[in-house]
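# Observations on chain architecture
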Amino acid sequence: MAEISSGQAFLLTRRSRPYKLLSRPAPPRPQIEVMLRIASRTPDHGKLEPWRFVVIEEAALRRIAKQARDAAARLGVDPDKAAHAYEITPFAIAVIESPVESDKVPPIEQSYSAGAVCLALLNAALAGGWGANWLSGAVSHEARFASEAFGVQAHERIAGIIHMGTVRQTPPDRPRPDLNAKTRWMRQ
């Protein structure tokens, strides 16, 4: 077996924590700022920074929960399910995909960058010892909800909402992909 670095060991064992297990305290502002710096170091073709952050403290999450219930009613989805994460987690950061006009960088690459920011932010929280989960849900893709709850503009969309908090128990790991079934080696 190949030698594994400490960073690789973390990534091999990293595990999102179910949002239902996230409780107070939330990360303090200095740690949040470090996580944001880490997430902003994501791959970004053309240095366009086609994303932005919305930091959401507990009181704002509770307000967003009501907006999620209203959006769920408009969409015909379960309001309890749509609002639950906003009602019980102590903190979140929304990553907003904010594409930039470019002749060189296609929109899909900008979407990939926003998704990479979500994963980097999630891993930064987990590496810092916090529980974290990347969520979105059906209502987050509804333009009215995204605009009213997060200030998303017409050209933007929510890439993900990273809920964070303290976790006092670690759930068992889930089954992982069969890499042999998912990998093709090309030698020539």
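Here the structure is shown first, and the text comes after it.
Since this is a predicted model, take the numbers as computed values, not measurements.

Take the pattern of salt bridges next. Applying the stated criterion across every chain, the model contains eleven salt bridges. As a salt-bridge pair, Asp-173 and Arg-176 come within 2.7 Å of each other at their nearest N and O atoms. Overall, the relative accessible area of 53% leaves Asp-173 in the exposed class. Take Arg-176: its relative accessible area is 39%, and that puts it in the partly exposed class. Through salt bridges with shared partners, a single ionic network connects Arg-24, Glu-58 and Arg-62.

Ile-56, Tyr-86, Phe-145 and Phe-150 are the most contacted members of the largest nonpolar core, which has 22 residues in total. When residues of this core are traced back to their parent elements, those giving at least two are strand S1 (51-57), helix H3 (58-75), helix H4 (79-88), strand S2 (91-97), helix H6 (143-150) and strand S4 (157-165). The dominant element in this core, judged by the number of residues it contributes, is H3, at six residues. Other than its neighbours up to four places away in sequence, Phe-145 contacts Ile-64, Gln-67, Ala-68, Ala-71, Arg-74, Tyr-86, Val-139, Ser-140 and Phe-150. With 21 residues, the next largest nonpolar core counts Ile-32, Ile-93, Cys-118 and Leu-121 among its residues.

Turning to the environment of His-155, a few remarks are in order. Examined against the element boundaries, His-155 turns out to sit in the loop between H6 and S4. In the structure, His-155 is positioned 138 residues away from Arg-17 in sequence and 31 Å away in space, judged by C-alpha atoms. Once you skip the residues sitting within four places of it in the chain, His-155 turns out to touch Ser-98 and Pro-99.

This paragraph deals with unusual backbone geometry. In the segment running from Arg-24 into Pro-25, the intervening peptide bond is cis, with an omega of 0°. Of note, Pro-25 is situated in the loop between helix H1 (6-13) and helix H2 (29-39). Phi at Lys-47 takes a positive value of approximately 55°, unusual for a residue other than glycine. The residue Lys-47 is located in the loop between H2 and S1 in this model. Positive phi, normally seen in glycine, also occurs at Glu-49, with a value near 50°. Mapped onto the elements, Glu-49 comes out in the loop between H2 and S1. For Glu-49, a relative accessible area of 52% puts it in the exposed group.

What follows deals with the sheet that holds strand S3 (residues 131-135). Here four strands make up an open sheet; going across it, the order is S1-S2-S4-S3 and the pairing antiparallel. Because the sheet does not close on itself, it has two edges, and the strands there are S1 and S3. Averaged over all neighbouring strand pairs, the angle between strand axes comes to 20°, with direction disregarded. With five bridges joining them, S3 and S4 adopt antiparallel strand pairing. Bridging from a neighbouring strand, Ala-132 pairs with Met-164 of S4.

The rules behind these values
Residues numbered from 1 in each chain as written. Predicted model: local features only at pLDDT ≥ 70, side-chain atom pairs only at ≥ 80, totals over all residues. Heavy atoms only, no water. Salt bridge = Lys/Arg side-chain N within 4 Å of Asp/Glu carboxyl O. Buried < 20%, exposed > 50% of the residue type's maximum accessible area, 1.4 Å probe, protein only. Core = buried A, V, L, I, M, F, W, Y, C linked by side-chain atoms within 4.5 Å. Helix = DSSP H or I, 4+ residues; strand = E, 2+ residues; numbered from the N terminus. Contact = heavy atoms within 4.5 Å. Pairing = 2+ DSSP bridges. Axes fitted to C-alpha atoms, helices over the stretch in contact; angles between N-to-C directions.

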